[in-house]
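# Commentary on secondary and tertiary structure
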Amino acid sequence: MSRRLGTHGFAESVETLDRQLEDAPAGVADFGYAVHRAAKSTGIPADRLAVEIATGFPLSGGLAGVTSEGAYVNFHADTPRLVQATLELVFARGAEYGRGPPRAEKACVEHTSANPTGPFHVGRVRNGIIGDTLARTLRAAGLPVTTEYYVDDMGRQSAMITWIWSKPVDQWPESVREGARPPAGASPTTEKADRWYGRPYPFVSELLKRDPTAAQSVADLVRQIESGNAPARHRELAQAVLDAMLASLRRIGIQFDSFVWESSLVSDGSVARVIERFRKAPDAVVEENGALVLDAAKYGLPKETAKIVVTRGDGTSLYPTRDVAYHLGKFARFARAVDVLGQDHQLHARTLTAMLSELGEARAPEFVIYQDITVPEGGRMSTRKGRAVYLDDLLDEAVERAQAEVLQRREDLPSEQVAEIAERVGAGAVRYHILRVAPDKPVRFRWEEALSFEGRSGPFVQYAYARASSVLRKAGAEGAPAGFDAKSLSAPEETALVRVLARLPGTVQYVARTAHVHTLATYAHEAAESFNRFYQNIPVLRADEPMRTGRLALVAAARQTIGNTLDYLGLARLERM
RNA sequence: GGGCGUGUGGCCUAGUCUGGAUAGGGCAUCGGGUUCCUAACCCGAGGGUCGAGGGUUCGAAUCCCUCCACGCCCGCCA
């Protein structure tokens, strides 16, 4: 290429030219080269230069033709060769197709880390869906990944739960008892623990704002907990609520490899050690009331926020300080730390990085910041403000609707299997719906959209997989295909599908590099859409040979690729639906 | 006031890092498609000042500047 241009007096490095070679519009060519720059530097009109470059361009390897169109030189791949190579790669790698070479650096993806104070609302779950999908993708990219949940059992939030439940309900303050009255028939045995124990939470939160006595007793409890003398009930309650919360996350495919309880960082002395190190830090000063404050201006924080309080006046730690202890521990265990945080923690992220630098830690966490999910009326979801859609409720509704859909079209399946499919379709719809939008963008929650099984949705992708599975099942061709002829796959629907399948490994690498997990959702939709077009227009089972064998191979490759993508997305592969 | 993020047809959204060919999808609307592998599908139609203005460039949704709107945050909560 560069030699070719060189003959026209245009000298640029091969690397530069490689970068300028870009994807051509689908259906026009595989790659294109815009000659404008070369035209300018050589003085040759762009249109003519494109023709001159394309004419007689030496063909080799997978390059089947070079044409020109306007100011563009278009490169066409040798399609049968591309088809052959792609399908062979998919079959050779199987479940590994899409994965990158193993890498050594151990990575920790910390996500969710919600206080164990009540059921997840949809807003909070965005954290887990982004984090879990990123963890899956990083694993696919070859990294050993541990997902971790940081359990905050030290702050006011969890103390509020312990405080209210340590007294009998008839002794609760009036406002809490009234507000948190459970529905008729509800009991700790019929309700999940997060819902049951979390019910008084927003009312206690309100109470503390106007009742200094109550606020004082919660503050006393916080101090008691931090000093290591938490009532036994405290940990039991936190654990029970957390377990119930985790059960909800499991429904949408989220599980954790590791848990770190904030209290353990206090009890093992690591918080105290961090405080000691800050006392000796060059930019830390003790203020009049005894509070230890760090001036982090030199780390680039805006001056209004450069003062970071390390300890309270009474010497006890604050959340950022404990988070420093936590992250120093993380860096002892992992080469990379990824933190998924809501936009309200944006400043905390910078503060944490500054604090770690001050203590001489060269590494910094990599932050993935996502925007809020808002309720239709506006404002972000909040349990305390009574503005929230709970994950459990959304899932129940989604599963119910999915069940109706399955029953409508599958009378042949036993009810057990219908229920199983409905659960996974409902979960797929919810998970995909939240994942599909770029983390940088806010999401306005609307029931009808979250519950859609059509168009750009999780079930759309799952359906394509089920269709592919069904074809292969009926052909009795579920094993590794053999002896297909790539030349028999020449219809536009076929070659377009192959081109999409070929993009999975690159997409995985891109997502691992950028943390743009929604790109994987977009890819999944494109792959499913491309498969559906093929499926709709190209018969497989009743095709003549050699097309039949070739198409079965293509179906198998599509099933494998879409299936692997579903794995990375955390959606269930359904063999039928 | 400062920091970070966002603004793309009626609604939702991809593309922005790394400038390039008629801005790609979905929902909704209208019109088609099932004697054939699952119609949770497919095909077609209408609908776009890519927030506004300026700049750089052969070329800007994409880069730079200004402004507007919205969200979040701004020391002893987490």
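Residues numbered from 1 in each chain as written. Chains lettered and ligands numbered in written order. Predicted model: local features only at pLDDT ≥ 70, side-chain atom pairs only at ≥ 80, totals over all residues. Heavy atoms only, no water.

On to the overall build of chain A. Counting secondary structure elements, chain A contains 24 helices and 14 strands. With the C-alpha coordinates aligned to their principal axes, the bounding extent of chain A is approximately 85 × 65 × 40 Å. By the burial criterion, 50% of the 577 residues in chain A qualify as buried. Summing over all exposed atoms, chain A offers an accessible surface of approximately 26,100 Å²; the carbon and sulfur share of this is 50%. Taking the 71 positively charged and 72 negatively charged side chains of chain A as two groups, their mean positions are separated by 1 Å. (Helix = DSSP H or I, 4+ residues; strand = E, 2+ residues; numbered from the N terminus. Buried < 20%, exposed > 50% of the residue type's maximum accessible area, 1.4 Å probe, protein only. Areas by Shrake-Rupley, 256 points an atom, 1.4 Å probe, with all protein chains shown as cover. Lys, Arg positive; Asp, Glu negative; His and termini not counted. Charge placed at Lys NZ, Arg CZ, Asp CG, Glu CD.)

Next up on the list: the protein's contact with RNA strand B. If you check the shell around RNA strand B, you find 75 residues, and the closest are Lys40, Asp152, Arg409, Tyr463 and Tyr535. For RNA strand B, the backbone makes up 63% of the atoms found within 4 Å of the protein, where backbone means sugar plus phosphate. Side-chain polar atom of Arg312 to a phosphate oxygen of RNA strand B: 3.2 Å apart, as the coordinates give it. Between RNA strand B and the protein, one listed contact pairs a phosphate oxygen with a side-chain N or O atom of Lys441 at 2.7 Å. When the residues that make up the surface near RNA strand B are grouped by side-chain class, the tally is 28 nonpolar, 20 polar and 27 charged. (Near = heavy atom within 4 Å. Polar contact = N/O pair within 3.5 Å; in protein donor to acceptor, adjacent residues only side chain to side chain. Nonpolar A, V, L, I, M, F, W, Y, C, P; charged D, E, K, R; others polar.)

A few words now on the packing of aromatic side chains. Per the counting criterion, the structure on display carries twelve aromatic pairs. Where Tyr149 meets Phe259, the ring centres are 5.8 Å apart and the plane angle is 35°; that geometry is what we call tilted. With Tyr149 in strand β6 (residues 145–151) and Phe259 in strand β7 (residues 258–261), the pair connects residues that are 110 residues apart, well separated along the chain. With relative accessibility at 0%, the residue Tyr149 sits in the buried group. A centroid spacing of 4.2 Å and a plane angle of 10° characterise the contact between Tyr150 and Tyr326, whose relative ring orientation is stacked. Of this pair, Tyr150 sits in strand β6 while Tyr326 sits in helix α15 (residues 319–333), and the two are 176 residues apart along the sequence. Relative accessible area serves as the criterion here: at 5%, Tyr150 is assigned to the buried category. Counting every residue linked through ring pairs, the aromatic cluster contains Trp165, Trp172, Trp196 and Tyr197. Sitting over the face of the ring of Trp261, Arg235 holds its NZ or CZ atom 3.5 Å from the ring centroid. (Phe/Tyr/Trp six-rings, centres within 6.5 Å; stacked < 30°, edge-to-face > 60°. Lys NZ or Arg CZ within 6 Å of the ring centre and 35° of its normal.)

Burial along strand β5 (residues 107–110) is two-sided: the residues Ala107 and Val109 and Cys108 and Glu110 are all buried. One ladder, built from four bridges, connects β5 with β6; its direction is parallel. Opposite Glu110, over in β6, you have Glu148 as the bridge partner. For the handedness criterion, the β-α-β arrangement of β5, helix α6 (residues 122–140) and β6 is classed as right-handed. Across four bridges, β5 lies against strand β11 (residues 336–342) in parallel orientation. (Pairing = 2+ DSSP bridges. Right-handed = clockwise from strand over helix to strand, strands pointing away.)

Entries for chain A in the domain assignment read domain 1 (2–77), domain 2 (107–374) and domain 3 (392–569). Centre-to-centre, using C-alpha coordinates, domain 1 lies 56 Å away from domain 2. (Domains from an automatic or database assignment.)

It is worth spelling out helix α17 (residues 391–409) at this point. Here α17 spans 27 Å end to end across 19 residues, near enough to the 27 Å set by a 1.5 Å rise per residue. All of the buried residues along α17 are Leu391, Asp392, Leu394, Leu395, Ala398, Val399, Ala402 and Val406. The buried residues of α17 all sit within an arc of 150° when viewed along its axis, so they share a single face. The outward face of α17, more than 90 degrees from its buried face, is lined by the exposed residues Glu400 and Gln408. (Expected span 1.5 Å × (residues − 1). Arc of directions from axis to C-beta.)

A few words now on the side chain of Thr162. For Thr162, the location among the structural elements is in helix α7 (residues 156–165). Sequence-distant contacts of Thr162, defined by excluding residues within four places in its chain, comprise Leu221, Pro231, His234 and Leu237. (Contact = heavy atoms within 4.5 Å.)

Enumeration according to the criterion identifies 39 salt bridges in this entry. In this structure, Lys209 and Glu206 form a salt bridge, with 3.0 Å as the shortest nitrogen-oxygen distance. Placement of the pair is Lys209 and Glu206 together in helix α10 (residues 201–210), with a separation of three residues, close to one helical turn. Lys209 sits in the exposed class, given a relative accessible area of 63%. Residues Arg573 and Asp567 are paired through a salt bridge, measuring 2.8 Å at the closest nitrogen-oxygen approach. (Salt bridge = Lys/Arg side-chain N within 4 Å of Asp/Glu carboxyl O.)

This next bit is on the sheet that holds strand β3 (residues 63–69). Strand order in the open sheet made by the four strands is β1-β2-β4-β3, with antiparallel pairing throughout. Among the strands making up the open sheet, the edge pair consists of β1 (21–23) and β3. Between one strand and the next, the sheet's axes are offset by a mean angle of 30°, whatever the strand orientation. In this sheet, strand β2 (residues 31–34) lies alongside β1 in antiparallel orientation, the contact comprising three bridges. Each residue of the ladder has a partner; that of Glu22, found in β2, is Gly32. Each of β3 and β4 (72–77) is contacted by helix α4 (residues 46–54), which is oriented at about 160° to β3, the strand it contacts most. (Axes fitted to C-alpha atoms, helices over the stretch in contact; angles between N-to-C directions.)

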